[in-house]
Amino acid sequence: MAKLSFNGGIHPYDGKDLSKNRPIVDIVPKGDMVYPLSQHIGAPAIPVVAKGDRVLRGQLIAEANGFVSSNIFSSVSGTVKAIEPRRVVTGDLVESIIITGDNRFEEVEYSYVDDVSTLTKEEIIERIKLAGIVGMGGAGFPTHVKLSPKDPDKIDYCIANCAECEPYLTSDYRRMVEEPEKLVEGLKIILSLFDNAKGILAVEDNKEDCIETLRQLVKDEPRILVKTLQTKYPQGSERQLIFATTKRAINSDKLPLDAGCIVNNVDTIVAIYSAVKEGKPLMERIVTVTGDCVRRPQNFRVHIGMSYADLIDEAGGLKKRPEKIVSGGPMMGFALMDTMVPTTKTASALLFFSRDEVSRSKTGACINCGLCAEVCPGRVVPTMLAKLSERGDKEGFVKLGGMECCECGCCSYICPAKRNLTQSIKSMRKEVLSDRKKK
Amino acid sequence: MSDLMNVSSNPHIRSKVSTDKIMLCVILALMPATGFGIYNFGIRALYVVLISIASCVLTELIFELITKKEITITDLSAVVTGLLLGLNLPVNVPFYLPVLGGIFAIFVVKMLFGGIGQNFMNPALAGRCFLVISFPAAMTNFTCDAYTGATPLTMLKNGEQFNALDMVIGRTGGTIGETSMIALLIGACFLLLLGVINLRVPAAYIISLIVFVGLFGKHGFDTYYLCGHLAGGGLMIGAWFMATDYATRPVTKAGQIVYGIILGLLTGVFRIFGSSAEGVSFAIILGNLLVPLIEKVTYPKPFGKGGEHR
């Protein structure tokens, strides 16, 4: 079968060999835990604990503020030390609940369900909502909102995004190697919400072993297919993934729902399984700690809220001085000033690079080579958009499809003149979006 | 770790492609044609090419020193311009012609319009056209020790016989770098394989010229006649090395095909209906002027709005 793909895209050095064969290791958090109230798209959660309160692991500490928002839970037992602004990965100060752990990890009781099929659709969505699950691939969109379309019968495909197209990241891969059953069970739970939908496990062909395991697991599941994607960045970008697997294309004005699709990534689907089956709220996720500076690159099961700084020691410390530290993948992640920031629901990786290629490359003039247009998955011409952005021409920017940019970074990556095209386009997109909000 | 790290917007990695590497590839790709030119026309060809390169590089350097701009000669683009200009001159031009041509190409066409990527015309071709208009006798005198008389394309126009094999190999009169189809195609393949250029412009150019010449050349699609048009004159160096110049061809994919077709038609018109046998240089320069318009009407449809299948 032909490998599924989209037009454009790049093939950067993937760096996955550093950590792909390193099994997931549990780490016990030490020190204070920090829970930003906003680690999802939508309204920040509202604290339901106060300074001095004792909390248990799995206890609700902040409540969703409205439908598009998300609950937040403590991942340790301990005492609320403060509720104050703390620095997060994006560099912003965000109101956060700080909890000093007591190292006892006393847990609340979870409402385990023996047979998931006895739950109604409403009960399933309620359990997902209660568990505070958001898109863990990086976007952080509340999952219960995604799973509550107006017309559930119009959903044709529930896609499990197993592409993991970002270089260096291996957290989804390890999940698929170590706990593929949970992924498949989670997808079955999602499918039970949509009577007309087929499930697709979409995996890049650099993970042949996962494709084989998943095929074995779903061979008796008529509603679930495993599809092989060409290994290419950004294959896991939502719009490109939908196109690759279903040949349906949506633009920036549309949602996956409009194409009859719902996309969730591996960690999110596993979290859905834990929430619905075991009644466990979202307190853990897998984080890859890697990069050429890390002595022992590793995949960790992390208590959400622990500091990035603690992960370095667990990975054997650093063997070289890093020039750049990135939270998330190298293509779309955030550069960190330092590692004293908390892990959140959307933290997929922590990368340490001894060379910061951005500061080391000198930006030159555009030579009009057109490589950016060749690789752009949005099929626009980034160099023209970036010039319009630098000129402040909002109208022209929108007219040439500037809002179709998914900020994947392919244009900046490929540019021979080392121009920061993505950055220029991103900042103009922000301006246009904020103008639209004002109206 | 007390000190702060570098912070920048995504992405945090960069490819190994760079402007100077691309320019170096173009220079390497022109080496077979340059080498053949020197073999074909003698050592004077090398002097013409070297003077042309030196003129271009020095013009850029002096301009940047005087205007206190960043020195950009290490990006090698001036070397490419100088090399192309030199290859587009007859071997026996007086040595002040490559000097003047280089100054015009770099100072007027490139630097005054903002330097690399900003020129609205191919600088080497603009330099050549400047020389053709200003010094028509020297620029059209292709007589040298090895060859006397007309170039194959002129013979073709006048209905005289020529040796097709000599044309393909390049054992004919003409400018230094344009005569050998084989040497130019070797370089073109090198650039195609490395992905520095793609087929859109050259293929559209060559195919549309063949169609035009076949329809209006009064010889129909006669292989011998068409072969003369393909191998003769500056078509090969023009289609593969000048028309593909990044700065002066459309950046949109559809635009590149439209541009190639326009070049083919213009070249055909100039060659068949014009007074001179040659038409590539002027066709490309006129085509350059249409690029902004072509880009405007061929801007691609984005993903999700009809552009996802390209």
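Not measured: the values here are computed from a predicted model. (Residues numbered from 1 in each chain as written. Chains lettered and ligands numbered in written order. Predicted model: local features only at pLDDT ≥ 70, side-chain atom pairs only at ≥ 80, totals over all residues.)

Trainee: Can you walk me through the environment of Ser70 of chain A in this structure?
Mentor: Residues and elements named next belong to chain A. You can see Ser70 is positioned in the loop between β5 (60-63) and β6 (72-73). A tally of 30 C-beta atoms within 10 Å means that Ser70 is categorised as buried. Not counting residues up to four positions away in its chain, the partners in contact with Ser70 are His40, Gly42, Ala45, Ala64, Gly132, Val134 and Pro142. (Helix = DSSP H or I, 4+ residues; strand = E, 2+ residues; numbered from the N terminus. Buried ≥ 20, exposed ≤ 12 C-beta atoms within 10 Å, placed from the backbone. Contact = placed C-beta atoms within 7 Å.)

Trainee: Would you explain the interface of chain A and chain B in this entry?
Mentor: How big an interface is tends to be stated in terms of the accessible area lost upon association of its parts. Listed as interface residues are 57 residues of chain A and, on the opposing side, 35 residues of chain B. In terms of residue class, the side of chain A that touches chain B is made up of 29 nonpolar, 17 polar and 11 charged. (Nonpolar A, V, L, I, M, F, W, Y, C, P; charged D, E, K, R; others polar.)

Trainee: Teacher, can you tell me more about the environment of Glu63 of chain A here?
Mentor: Here Glu63 of chain A shows up in strand β5. Note: C-alpha distance between Glu63 of chain A and Met331 of chain A (268 residues apart in sequence) is 32 Å.

Trainee: Can you help me understand helix α4 (residues 96-110) of chain B in this one?
Mentor: An α-helical turn contains 3.6 residues, so a residue and the one three or four places further along point in the same direction. Residues and elements named next belong to chain B. Between its first and last C-alpha, α4 extends 20 Å over 15 residues, near the 21 Å set by a 1.5 Å rise per residue. Listed in full, the buried residues belonging to α4 are Leu97, Pro98, Gly101, Gly102, Phe104, Ala105, Ile106, Val109 and Lys110. The elements touched by buried residues of α4 are α2 (43-66), α3 (77-87), α5 (123-134) and α6 (136-139). (Expected span 1.5 Å × (residues − 1).)

Trainee: I would appreciate a short explanation of the sheet that holds strand β13 (residues 284-290) of chain A in the present structure.
Mentor: What holds strands together in a sheet is hydrogen bonding between their backbones, with the strands either parallel or antiparallel. Residues and elements named next belong to chain A. Spatial ordering of the open sheet is given by β1-β14-β13-β17-β15-β16, a layout of six strands whose pairing is mixed. Among the strands making up the open sheet, the edge pair consists of β1 (24-26) and β16 (334-336). Each strand of the sheet is rotated relative to its neighbour by a mean of 30 degrees, with strand direction disregarded. Alignment of strand β15 (residues 324-327) against strand β17 (residues 349-353), held across four bridges, turns out to be antiparallel. Note that in β17 the partner of Lys324 across the bridge is Phe353. Its contacts with the sheet put helix α3 (residues 171-178) on β1, β13, β14 (298-303) and β17, and the angle it makes with β13 is roughly 120 degrees. (Pairing = 2+ DSSP bridges. Axes fitted to C-alpha atoms, helices over the stretch in contact; angles between N-to-C directions.)

Trainee: Help me out: how do you make sense of the pairing of β15 of chain A in this one?
Mentor: In summary, the side chains of a regular strand alternate between the two faces of the sheet. Residue and element names in this part refer to chain A. Neither face of β15 is open: one carries Lys324 and Val326, the other Ile325 and Ser327, and all of them are buried. As paired elements, β15 and β16 share three bridges and run antiparallel to each other. Paired with Val326 across the strands is Ala335, a residue of β16. Taking the residues between adjacent antiparallel strands as the criterion, β15 and β16 are bridged by six residues, where Gly328 takes a positive phi near 100 degrees.

Trainee: Quick question: what am I supposed to make of the sheet that holds strand β8 (residues 93-101) of chain A here?
Mentor: All names here are of chain A. Sheet architecture is open: four strands sit in the order β2-β8-β7-β4, paired in antiparallel fashion. The sheet is open, and its two edges are formed by β2 (32-36) and β4 (54-55), each paired on a single side. As paired elements, β2 and β8 share five bridges and run antiparallel to each other. Paired with Met33 across the two strands is Ile99, which belongs to β8.

Trainee: Where do I start with helix α10 (residues 200-216) of chain B in this structure?
Mentor: Residue and element names in this part refer to chain B. Counted at 1.5 Å a residue, the expected span for α10 with its 17 residues is 24 Å, and the 24 Å between its end C-alpha atoms agrees. For α10, the complete set of buried residues consists of Arg200, Val201, Pro202, Ala204, Tyr205, Ile206, Ser208, Leu209, Phe212 and Val213. Turning to α10, the residues buried within the fold contact α11 (223-231), α12 (235-242) and α13 (253-273). Of the residues one or two after α10, Lys218 is the one with positive phi, at around 65 degrees.

Trainee: Can you help me understand unusual backbone geometry in this one?
Mentor: Note: most peptide bonds trans; most residues except glycine with negative phi. With an omega dihedral of -5 degrees, the bond running from Tyr233 of chain A to Pro234 of chain A counts as a cis peptide bond. In this fold, Pro234 of chain A is placed in the loop between β11 (224-229) and α6 (238-246). Across the junction of Asn10 of chain B and Pro11 of chain B, the peptide omega takes the value -5 degrees, indicating a cis bond. Summarising the element assignment, Pro11 of chain B is placed in the segment before α1 (19-41). Notably, Phe105 of chain A is not glycine yet its phi reads approximately 50 degrees, a positive angle. In this fold, Phe105 of chain A is placed in the loop between β8 and α1 (121-130). Unlike most non-glycine residues, Leu76 of chain B shows phi in positive territory, near 70 degrees.

No statement about biological role is implied by the geometric values presented.
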